[in-house]
Amino acid sequence: MSGALSSLVSTAAEYLQCSFRGVPFAVVGSGGQPGRKFAVHDYPYRDTPWAEDLGRKGRLYRVRGFVTGALAATQRDLLVRAVETKGPGLLLHPSIGAVQAACLRFEWRERDGYSGVIDLEFEFLEQKDYLGGLVLTALHAAIGVATLAFNAASSSDYGNATAAPMAVGASVVGAAVDTATNWAAGAVSALSSPAAFGASVATVPGNNGRYASLNAGTVDPSATVSSALAALGTSQQTLAATAAAIADQASASTLSAAILAVPEALRSAIPDPGTQIALLMQLTSCNPSVLASSAPIGGAIATVQTATAALCRQGALLSIATACSDWKPTSSNQAEALRQQVGILLDNEATIAADAGYDATWQALRALRADVLQDLAQRASQLPDIITVTRNAPLPALVLAQQVYADATRAPDLIQRANPIHPAFMPTSFEALSS
């Protein structure tokens, strides 16, 4: 088969190769028919029908191609056997990618007056898209690699910038430690916030009401409110100990490691990635009062304060990037909003690093930004939009869920978004998912 296609490539190099169940052929043209399934309901004396959304329609692909050469008839017979084999098969297409598909239609024709060339037509119905999952997995892996590179670069630049000033004396080291300690106190305070308690309770099975996060982490079947709060208390003690360890550091290398451990301890303590991001955002601000001085010790103190504050902000951004890779937005608007917010934070920090001469940190920040924003953009493109639902009078959430989605089980989502006084009296106008 490879020999037959070699003659094809030599005579028509512009054609790309495709295969179904391992049998190759050349592609001339392709098309697709995506969309959604609708059941159209017509009513007496009503001008407009109701199109009931029944979910995403199976993706249909139409592929035209040909085989040529001395073994063209053999390849055709192999394709006939491939499409007659029970069950879906692997379709490898130059632009669609790797798809597990069922062949719904296959036709072949021999051209009039030509020998050794057989035209082919296929219709494939997608069963599983391998490429989409691989792209998402690759993006997550890229974010993981970028965060490791960023961690190493920021620690290295911090050590290079503060090693000499810290050698001036203990007062300089104390200034760096004080800057980091004040920043870490914000992380300890964040873990005692109502958002942290709500995210912990959301791991308990059952309907925990509107106070449980929509983007909650994995539910633990054996968890109770008591066990969830006990786990949160243990995490609070761990974070407090991690923050307190900053005061014991006396060198740039150990201090940088202690600083970067704080936002990771906060992130690990919260089961919900959405809450992780919200709490970590509070740590992206660290701007101590730096007094300019021409004296050697005053200049050294100003240098370590500025560098330490930058490392604190970078550590928070590092953990935010990790949380973003685990986050599951509910709408494209939500994903796009976070994409813009994180992009601005990383851009601003990259500019600060470039101005300070931290070349390795700047490059690592730019690489991390590209991977995180690409990941969030990929998610936004696959999610429903936010729409505004308007009614003439307050209605129960169950009725609205049936009207909007034809699915009363979607009522909790509407309640969470509209935040009504009571689920039986929803606002006359509120935002909801488009599908």
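Shown above is the structure to which this text applies.
These numbers come from a predicted model, not from an experiment.

(A) How the structure looks around the pattern of salt bridges. This structure, assessed with the given rule, holds 16 salt bridges. The partner of arginine 76 in a salt bridge is aspartate 77, with the nearest N and O atoms 3.2 Å apart. We classify aspartate 77 as partly exposed; its relative accessible area is 43%. Salt-bridge contacts for glutamate 349 lead to arginine 313; the nearest nitrogen and oxygen are separated by 2.9 Å. Taken together, the positions of glutamate 349 in helix α10 (residues 332–356) and arginine 313 in helix α9 (residues 296–326) put the pair 36 residues apart, joining distant regions of the chain. One continuous salt-bridge network, built from bridges that share partners, spans Arg62, Arg105, Glu107, Arg109, Glu121 and Glu123.

(B) Local environment of a nonpolar patch on the surface. A cluster of nonpolar side chains, contributed by Phe197, Val225 and Leu229, occupies part of the molecular surface with about 220 Å² of accessible area. Within the secondary structure layout, phenylalanine 197 lies in helix α5 (residues 194–201).

(C) Geometry of the packing of aromatic side chains. Applying the stated rule across the entire model yields four aromatic pairs. Centre to centre, the rings of phenylalanine 25 and phenylalanine 122 are 4.8 Å apart; their planes meet at 25°, and the pair counts as stacked. Taken together, the positions of phenylalanine 25 in strand β2 (residues 23–33) and phenylalanine 122 in strand β8 (residues 117–129) put the pair 97 residues apart, joining distant regions of the chain. Residue phenylalanine 25 shares its accessibility class with phenylalanine 122, and that shared class is buried. The ring of tryptophan 108 carries the charged tip of arginine 76 above its face, separated from the ring centre by 4.4 Å. Over the aromatic face of phenylalanine 66 sits the side chain of arginine 111, whose NZ or CZ is 5.9 Å from the ring centroid.

(D) Here's a closer look at the pairing of strand β1 (residues 16–20). In terms of strand pairing, β1 meets β2 through five bridges, oriented antiparallel. Within β2, the residue paired with cysteine 18 across the bridge is phenylalanine 25. Taken together, β1 and the strand that follows it, β2, pair antiparallel across an intervening segment of two residues, in which arginine 21 is found at a positive phi of about 55°. Across two bridges, the pairing between β1 and strand β6 (residues 89–93) is antiparallel. The partner of phenylalanine 20 across the bridge, within β6, is leucine 91.

Conventions used here
- Residues numbered from 1 in each chain as written.
- Predicted model: local features only at pLDDT ≥ 70, side-chain atom pairs only at ≥ 80, totals over all residues.
- Heavy atoms only, no water.
- Salt bridge = Lys/Arg side-chain N within 4 Å of Asp/Glu carboxyl O.
- Buried < 20%, exposed > 50% of the residue type's maximum accessible area, 1.4 Å probe, protein only.
- Helix = DSSP H or I, 4+ residues; strand = E, 2+ residues; numbered from the N terminus.
- Patch = residues over 30% accessible without salt bridge, like charges linked within 9 Å, V, L, I, M, F, W, Y side chains within 5 Å.
- Areas by Shrake-Rupley, 256 points an atom, 1.4 Å probe, with all protein chains shown as cover.
- Phe/Tyr/Trp six-rings, centres within 6.5 Å; stacked < 30°, edge-to-face > 60°.
- Lys NZ or Arg CZ within 6 Å of the ring centre and 35° of its normal.
- Pairing = 2+ DSSP bridges.

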